[in-house]
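Fold and contact review
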Amino acid sequence: VPFDIPESWEWARLGSLVLNRKQVVPTEDFSYIDIGSIDNSFLSLSDDDTVIPFQKAPSRARKPVEIGDVLYATVRPYLHNACVVDRTFTHTPIASTGFAALVCPSGLSPQFLLNILVSPFFDTYANDSENSKGVAYPAINDGRLYNALIPLPPDGEQERISTVLERSLISTY
């Protein structure tokens, strides 16, 4: 256990909290989300809608996503290329395999999870040399990512924490 948490909270492995969509090979034109689609200063998805014909799909275009999913770049995680998918697209959105696309079931706020994934606590874990491999483009693999311990407060507390952090981010900019 990395640190003490309030009694009403619990520690849980990320993999036990989230669902993972199966990868697909696009069979129709799609809206592509790659690492460059994330504004890591604001932890948000750009307004761009890059539509790609399925015949020209990059080999990394394999992760279908929906509104509410959390995208977390597993390549160079210290850059915080992460966001909550918060809008619709003109075509089915498919993200790069450079992301973990995390589906939050009830009981886990996507915004709270995003805040955890970009926290100094999680940075230490994700960027540790045991978890992040590679020199030029260090990456955390799915096994290590989903094995991470996450502090999980009750639903209402997740929302309160996320609201305070969002206000803090807005007042910073």
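Residues numbered from 1 in each chain as written. Predicted model: local features only at pLDDT ≥ 70, side-chain atom pairs only at ≥ 80, totals over all residues. Heavy atoms only, no water.

A word on the confidence of the model for the protein chain
When pLDDT is averaged along the protein chain, the result is 92, and 97% of the positions lie at 70 or above. Per-element confidence in the protein chain ranges from a low mean pLDDT of 81 for helix H5 (residues 155-172) to a high of 98 for strand E3 (residues 30-33). (pLDDT = per-residue confidence, 0-100. Helix = DSSP H or I, 4+ residues; strand = E, 2+ residues; numbered from the N terminus.)

Remarks on the sheet that holds strand E11 (residues 99-103)
Spatial strand order, E2-E11-E8-E9: 4 strands in an open sheet with antiparallel pairing. The strands lining the two open edges of the sheet, one partner per strand, are strand E2 (19-20) and strand E9 (82-84). The sheet contact formed by E2 and E11 spans 2 bridges and is antiparallel. By the bridge assignment, leucine 19 is partnered in E11 with valine 103. (Pairing = 2+ DSSP bridges.)

Section: the packing of aromatic side chains
Summed over the entire model, instances satisfying the criterion amount to 6 aromatic pairs. Following the ring pairs from residue to residue traces out a cluster consisting of Phe3, Trp11 and Phe121. (Phe/Tyr/Trp six-rings, centres within 6.5 Å; stacked < 30°, edge-to-face > 60°.)

A short note on the pattern of salt bridges
Evaluated as defined, the whole model comprises 3 salt bridges. When the shortest N-O distance is used, the salt bridge between glutamate 66 and arginine 21 registers 3.5 Å. With glutamate 66 in the loop between strand E7 (61-64) and strand E8 (70-73) and arginine 21 in the loop between E2 and E3, this residue pair connects regions lying 45 residues apart in the sequence. Judged by relative accessible area, which is 25%, arginine 21 ranks as partly exposed. (Salt bridge = Lys/Arg side-chain N within 4 Å of Asp/Glu carboxyl O. Buried < 20%, exposed > 50% of the residue type's maximum accessible area, 1.4 Å probe, protein only.)

Points about the sheet that holds strand E10 (residues 93-96)
Read from one edge to the other, the open sheet built from 4 strands follows the order E6-E3-E10-E7, with strand pairing classed as mixed. The outermost strands of the open sheet, each flanked by one partner alone, are strand E6 (50-52) and E7. Strand-to-strand twist across the sheet, computed as the mean angle between neighbouring axes with direction ignored, equals 50 degrees. Where E3 lies against E6, 3 bridges are found, and the strand directions are antiparallel. Residue pairing in the sheet places phenylalanine 30 in a bridge with isoleucine 52 of E6. (Axes fitted to C-alpha atoms, helices over the stretch in contact; angles between N-to-C directions.)

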